[in-house]
Amino acid sequence: MANQNIIKLLRFSAASEATGRPRTSFYRAIKAGLLPPPIKIGEASAWPDNEIDLVNKALIAGKSETDIKKLVSDLVAARSYAA
């Protein structure tokens, strides 16, 4: 059985594809708090796959924009506790 605690990091193209948003829309959603911002690894940017997955699930479930912003805020806050 695979370890369910492994978090993969998605580069922009994979994160964008996972959300179905092109570049401009993707970054607008981040600015609006509807997608989590990237984490920096040196000069590279990446998104934890579990965060993108949770936002997608919230959208599929029909959550409101306010609910999704709260989810994103909680996900970003949890990053500091993950280490």
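As a reminder, the structure under discussion sits directly above these lines.
Residues numbered from 1 in each chain as written. Predicted model: local features only at pLDDT ≥ 70, side-chain atom pairs only at ≥ 80, totals over all residues. Heavy atoms only, no water.

S.K.: I tried to follow helix α1 (residues 12-19) on my own but got confused; where do I start?
M.R.: Owing to its 3.6 residues per turn, the α-helix aligns residues three or four sequence positions apart on the same side. Among the residues of α1, those classed as buried are Phe12, Ala15, Ser16 and Thr19. Burial along α1 is one-sided: seen end-on, the buried residues are contained in an arc of 100°. Facing away from the buried side of α1, by more than 90 degrees, are the exposed residues Ser13 and Glu17. Turning to α1, the residues buried within the fold contact β1 (9-10), α2 (23-31), β3 (44-48) and α3 (49-60). (Buried < 20%, exposed > 50% of the residue type's maximum accessible area, 1.4 Å probe, protein only. Helix = DSSP H or I, 4+ residues; strand = E, 2+ residues; numbered from the N terminus. Arc of directions from axis to C-beta. Contact = heavy atoms within 4.5 Å.)

S.K.: Help me understand the sheet that holds β3, please; the structure alone is not making it clear to me.
M.R.: Sheets are built from strands paired through backbone hydrogen bonds, the pairs being either parallel or antiparallel. In spatial order, the strands read β1-β3-β2; together these three strands make up an open sheet with antiparallel pairing. Edge positions in the sheet fall to β1 and β2 (39-41), since each of these pairs with one other strand and no more. Where α3 meets the sheet, its contacts fall on β1 and β3, and the angle it forms with β3 comes to roughly 50°. (Pairing = 2+ DSSP bridges. Axes fitted to C-alpha atoms, helices over the stretch in contact; angles between N-to-C directions.)

S.K.: It is not clear to me how the pattern of salt bridges should be interpreted in this structure. Could you clarify?
M.R.: When charged atoms on two side chains of opposite charge get close, those side chains can pair. The full count for this structure, using the stated rule, is four salt bridges. Residue Lys70 is joined to Asp74 by a salt bridge in which the shortest nitrogen-to-oxygen separation is 2.8 Å. In this pair, Lys70 and Asp74 are both assigned in helix α4 (residues 65-82), four residues apart and thus about one turn of the helix distant. (Salt bridge = Lys/Arg side-chain N within 4 Å of Asp/Glu carboxyl O.)

S.K.: How should I be thinking about the nonpolar core in this particular structure?
M.R.: Generally speaking, soluble globular proteins have nonpolar side chains that are buried together. The biggest cluster of nonpolar side chains holds 15 residues, and the ones touching the most others in it are Phe26, Leu35, Trp47, Val55 and Ile68. Those residues in contact with Val55 that sit more than four places away from it in its chain are Leu34, Leu35, Pro36, Ile68, Leu71, Val72 and Leu75. (Core = buried A, V, L, I, M, F, W, Y, C linked by side-chain atoms within 4.5 Å.)

S.K.: How should I be thinking about α2 in this particular structure?
M.R.: For α2, the set of buried residues is Phe26, Ala29 and Ile30. Within α2, the buried residues cover an arc of 100° as seen down the axis, which keeps them to one side. Summarising the geometry of α2, the exposed residues directed more than 90 degrees from the buried face are Arg28 and Lys31. Contacts from the buried residues of α2 go to α1 and β3. Trailing α2 by a residue or two, Gly33 shows a phi angle of about 85°, which is positive.

S.K.: So what exactly am I meant to see when it comes to the environment of Pro48 here?
M.R.: Relative to the helices and strands, Pro48 is located in strand β3. Not counting residues within four places of it along the chain, the set of residues in contact with Pro48 comprises Ile7, Lys8, Leu9 and Arg79.

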